Amino acid sequence: MALEQKVNDFMAKIIAKNPGEAEFHQAVHEVAETIIPYMEENPIYKENKILERIAEPERVILFRVPWLDDKGEIQLNKAYRIEMNSAIGPYKGGLRFHPTVNLGVLKFLAFEQVLKNSLTTLPMGGGKGGSDFDPKGKTDNEVMRFCQSFMTELCRHIGPNTDIPAGDIGVGGREIGFMYGQYKRIRNEFTGVLTGKGREWGGSLIRPEATGYGATYFAEYMLNTRGDSLKGKVVTISGSGNVAQYACEKVTDMGGKVVTLSDSSGFIHDPAGIDAEKLAFVMHLKNVKRGRIKEYADKYNCEFHEGKRPWGIKCDVAMPNATQNEVNEEEAKTLIANGCFVVSEGANMPSAPEAIEVYSKAKILYGLGKAANAGGVAVSGLEMSQNSLRLSWTREEVDSRLKQIMKDIHETCVKYGKEGDYIDYVKGANIGGFVKVADAMLAQGVV
Ligand code: NDP
Ligand code: 2IT
């Protein structure tokens, strides 16, 4: 049977078993395309149905979250925790609070997380969770009451050696604080059950920065393979949240020029570059005032493109740092036509399959999310280590470990993805992440 047919047959079963979960199908398909050929050469994985097993969560927890808004009215949200795979460590992965959250979205994220965590070199299994709660427009008190109600149920299922959640879209320091307080109150224990904690109460230095810094280091390592670097490069970034902010900071530190940022209302284009002072404005606007990116354009007198994404702006490097499927085929073609030759994904699955096809035909340096954005969860792993040691490392210590991990991930991609002069990072990351989990599952029997 031709390989394509094998992938199609495998996907037909996944689709039948998980109806309506489009993002989950998309994530599994991308992995199946590289792992099915690999299993032809390594039949032990096929005989042991490893791919089928890793595409089925070990456990899914679904619960309701009732809470009272400021008017005293009852509000109700749906919430989930997907415990995807614990072959190489406890379940680990973020929580997303966004109105688009549903089972399929969280299963795609949990599936990606298993392979990503394996790539980090640290002993972490994969999970993901969240709720369709929208923090936008809510008061701090409403967010607190929601987080407390959410954790009142979630706390039965997680633990520092079982399942360790963290942040993702809509979950930052404020939400982690409220959830940690409630966990501690119910369980009467001060442990490393969440990562992304504040530095005074068990958090790690560099965790807030880690995803954006890591995706930037990954771009640099990709450029190094062509004897090049970020110095002097024009960079477009989407998003203006946690990942986008620290990517912007690191790119600028490394000599690049960031010319765009966005939110769900549109993007700003600042040809002069978003320097440290302008970024401080963005951080205050987004993290404290919780305002819209358009205010940047008003303040610095540059263009705001309402309802648009930044991929039409000429750049050398693109960093999609907002959300899934935010670069489509047309946008990928435009990027390439404008000379972009590096894509480093801070977001999870931001490029549609057709966009990936375009990158791979053009043979650009394409660092997919599960490799390029693994720095966030890697430093979460380092936060867990520090919590277990009851010590905290310096900024320099954590940053140098982060850099080394991103370098190791890059090397794993090269090891499994090198084809002549070209490095297929999709193939490299998928196989590199898969092998460790698959071997652990083989060793642990039919579980
Ligand atoms: P934040 O909530 O801090 O920021 C998200 C940003 O993306 C905001 O600017 C938001 O705009 C924009 N955005 C979100 N959803 C959409 C949408 N549907 N359409 C357009 N814009 C959107 O999240 P993070 O920065 O933490 O996460 C960004 C991405 O990075 C996600 O894909 C996440 O999974 C991934 N990631 C995060 C890690 C972390 O450690 N935080 C680790 C690894 C990956 P608006 O405010 O208007 O909604
Ligand atoms: O997608 C991700 O890797 C994250 N949101 C971070 C997960 C974590 O546990 O730090």
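The rules we used
Residues numbered from 1 in each chain as written. Chains lettered and ligands numbered in written order. Predicted model: local features only at pLDDT ≥ 70, side-chain atom pairs only at ≥ 80, totals over all residues. Heavy atoms only, no water. Helix = DSSP H or I, 4+ residues; strand = E, 2+ residues; numbered from the N terminus. Rg over C-alpha atoms; globule rule 2.2 N^0.38 Å. Contact = heavy atoms within 4.5 Å. Areas by Shrake-Rupley, 256 points an atom, 1.4 Å probe, with all protein chains shown as cover. Pairing = 2+ DSSP bridges. Axes fitted to C-alpha atoms, helices over the stretch in contact; angles between N-to-C directions. Core = buried A, V, L, I, M, F, W, Y, C linked by side-chain atoms within 4.5 Å. Buried < 20%, exposed > 50% of the residue type's maximum accessible area, 1.4 Å probe, protein only. Near = heavy atom within 4 Å. Polar contact = N/O pair within 3.5 Å; in protein donor to acceptor, adjacent residues only side chain to side chain. Nonpolar A, V, L, I, M, F, W, Y, C, P; charged D, E, K, R; others polar. Expected span 1.5 Å × (residues − 1). Phe/Tyr/Trp six-rings, centres within 6.5 Å; stacked < 30°, edge-to-face > 60°. Parallel < 35°, antiparallel > 145°, perpendicular 65-115°, else oblique.

Draft legend 1. Representation of the overall build of the protein within the structure. What the protein contains, in helices and strands, is 17 helices and 14 strands. Relative to the globule expectation of 22 Å for 447 residues, the C-alpha radius of gyration of the protein, 21 Å, shows essentially globular dimensions. On the principal axes, the C-alpha backbone points of the protein span a range of 60 × 55 × 45 Å. Taking all contacts inside the protein whose residues are at least 6 apart in sequence as the whole, residues at least 24 apart take part in 70%. Carbon together with sulfur atoms contributes 51% to the accessible area of the protein, which is approximately 18300 Å² in total.

Draft legend 2. Main features of the sheet that holds strand S11 (residues 342–344). Pairing within the open sheet is mixed, and its seven strands lie in the order S9-S8-S7-S6-S10-S11-S12. The open sheet has two free edges, formed respectively by strand S9 (303–306) and strand S12 (365–367), since each of these has just one partner strand. Strand-to-strand twist across the sheet, computed as the mean angle between neighbouring axes with direction ignored, equals 15 degrees. The sheet contact formed by strand S7 (residues 257–263) and strand S8 (residues 266–269) spans four bridges and is antiparallel. Looking across to S8, one finds that Ser262 is bridged to Phe267. Here helix H8 (residues 207–224) sits on the sheet and contacts strand S10 (317–319), S11 and S12; the angle it forms with S11, its principal contact strand, is near 150 degrees.

Draft legend 3. View of the environment of Gly192. Residue placement: Gly192 occurs in the loop between helix H7 (173–187) and H8. Among all residues touching Gly192, those that are not within four sequence positions of it are Pro160, Ile164, Lys197 and Asn387.

Draft legend 4. Summary view of the nonpolar core. One finds Phe218, Ile237 and Ile409 to be the most contacted residues of the largest nonpolar core, which totals 71 residues. Element by element, the count of residues in this core is highest for H8, at nine residues. When neighbours within four sequence positions are excluded, Ile237 is seen to be in contact with Ala244, Ala247, Cys248, Val258, Thr260, Leu261, Ser262, Pro310, Trp311, Met319 and Asn321. Ranked by size, the runner-up nonpolar core spans 40 residues in total, among them Met84, Ile88, Phe434 and Val435.

Draft legend 5. The pairing of strand S2 (residues 74–85), seen in detail. Note: strand S1 (residues 59–68) against S2, 10 bridges, orientation antiparallel. Residue pairing in the sheet places Ile61 in a bridge with Arg81 of S2. Taken together, S1 and the strand that follows it, S2, pair antiparallel across an intervening segment of five residues, in which Gly72 is found at a positive phi of about 85 degrees. Here S2 pairs with strand S4 (residues 126–131) via six bridges, running antiparallel. Within S4, the position partnered with Ala79 by the bridge is Ser131.

Draft legend 6. Quick peek at the site of ligand 1. Neighbouring ligand 1 are 25 residues; Asp168, Thr211, Ser264, Arg292 and Asn348 lie closest to it. Contacts to ligand 1 include Arg96, whose side-chain N or O atom sits 3.0 Å from an oxygen atom. In the environment of ligand 1, an oxygen atom lies 3.0 Å from a nitrogen or oxygen atom belonging to the backbone of Val243. For ligand 1, whose unbound accessible area comes to 890 Å², protein coverage reaches 83%. Listing elements by their share of the shell around ligand 1, those giving two or more residues are H8, helix H9 (242–253) and S7. The class makeup of the residues in the shell around ligand 1 is four nonpolar, 14 polar and seven charged.

Draft legend 7. Molecular detail of helix H6 (residues 140–154). Its 15 residues give H6 an end-to-end C-alpha distance of 21 Å, which sits within 8% of 21 Å, the value for a rise of 1.5 Å per residue. For H6, the complete set of buried residues consists of Glu142, Val143, Phe146, Cys147, Ser149, Phe150, Met151 and Leu154. Considering only its buried residues, H6 is in contact with S1, S2, strand S3 (91–97), S4, strand S5 (163–166) and H7.

Draft legend 8. Inspection of the side chain of Lys286 at higher detail. Residue placement: Lys286 occurs in helix H10 (residues 276–288). A distance of 2.9 Å separates a polar atom in the side chain of Lys286 from the backbone oxygen of Gly291. The residues contacting Lys286, other than those within four sequence positions of it, are Ser240, Gln245, Asp263, Gly291, Arg292 and Ile293.

Draft legend 9. Summary view of the site of ligand 2. For ligand 2, the set of nearby residues contains 14 residues, the closest of which are Lys92, Lys116, Asp168, Arg207 and Ser380. Side-chain polar atom of Lys116 to an oxygen atom of ligand 2: 2.7 Å apart, as the coordinates give it. Contact distances for ligand 2 include 3.0 Å between an oxygen atom and a side-chain N or O atom of Lys128. When the free accessible area of ligand 2 is taken as 290 Å², the share hidden by the protein chains comes to 94%.

Draft legend 10. Inspection of the packing of aromatic side chains at higher detail. Evaluation of the coordinates by the stated rule reveals 20 aromatic pairs. Where Phe97 meets Phe150, the ring centres are 5.2 Å apart and the plane angle is 75 degrees; that geometry is what we call edge-to-face. Taken together, the residues Phe97 in strand S3 and Phe150 in helix H6 connect sequence positions 53 residues apart. Judged by relative accessible area, which is 1%, Phe97 ranks as buried.

Draft legend 11. Examining helix H17 (residues 425–443) more closely. Look at H17: 27 Å from first C-alpha to last across 19 residues, which is about the 27 Å you get at 1.5 Å a residue. Counting buried positions along H17 gives 14 out of 19 residues, so the element sits mostly inside the fold. Structurally, the start of H17 carries an N-cap: the backbone nitrogen of Val426 is 3.1 Å from a side-chain oxygen of Asp424. Gly445 lies just past H17 and shows a positive phi near 80 degrees.

Draft legend 12. Layout of the packing of H9 against H10. The geometry of H9 relative to H10 is characterised by a closest axis approach of 11 Å and an angle of 170 degrees between their N-to-C directions. By the angle class used here, H9 and H10 are roughly antiparallel. From H9, Gln245, Tyr246, Cys248 and Glu249 reach across to H10, where they touch Leu279, Met283, Lys286 and Asn287. Residues that form the contact of H9 with H10 fall into these classes: four nonpolar, two polar and two charged.

Read these as layout, nothing more, since geometry by itself doesn't imply function.
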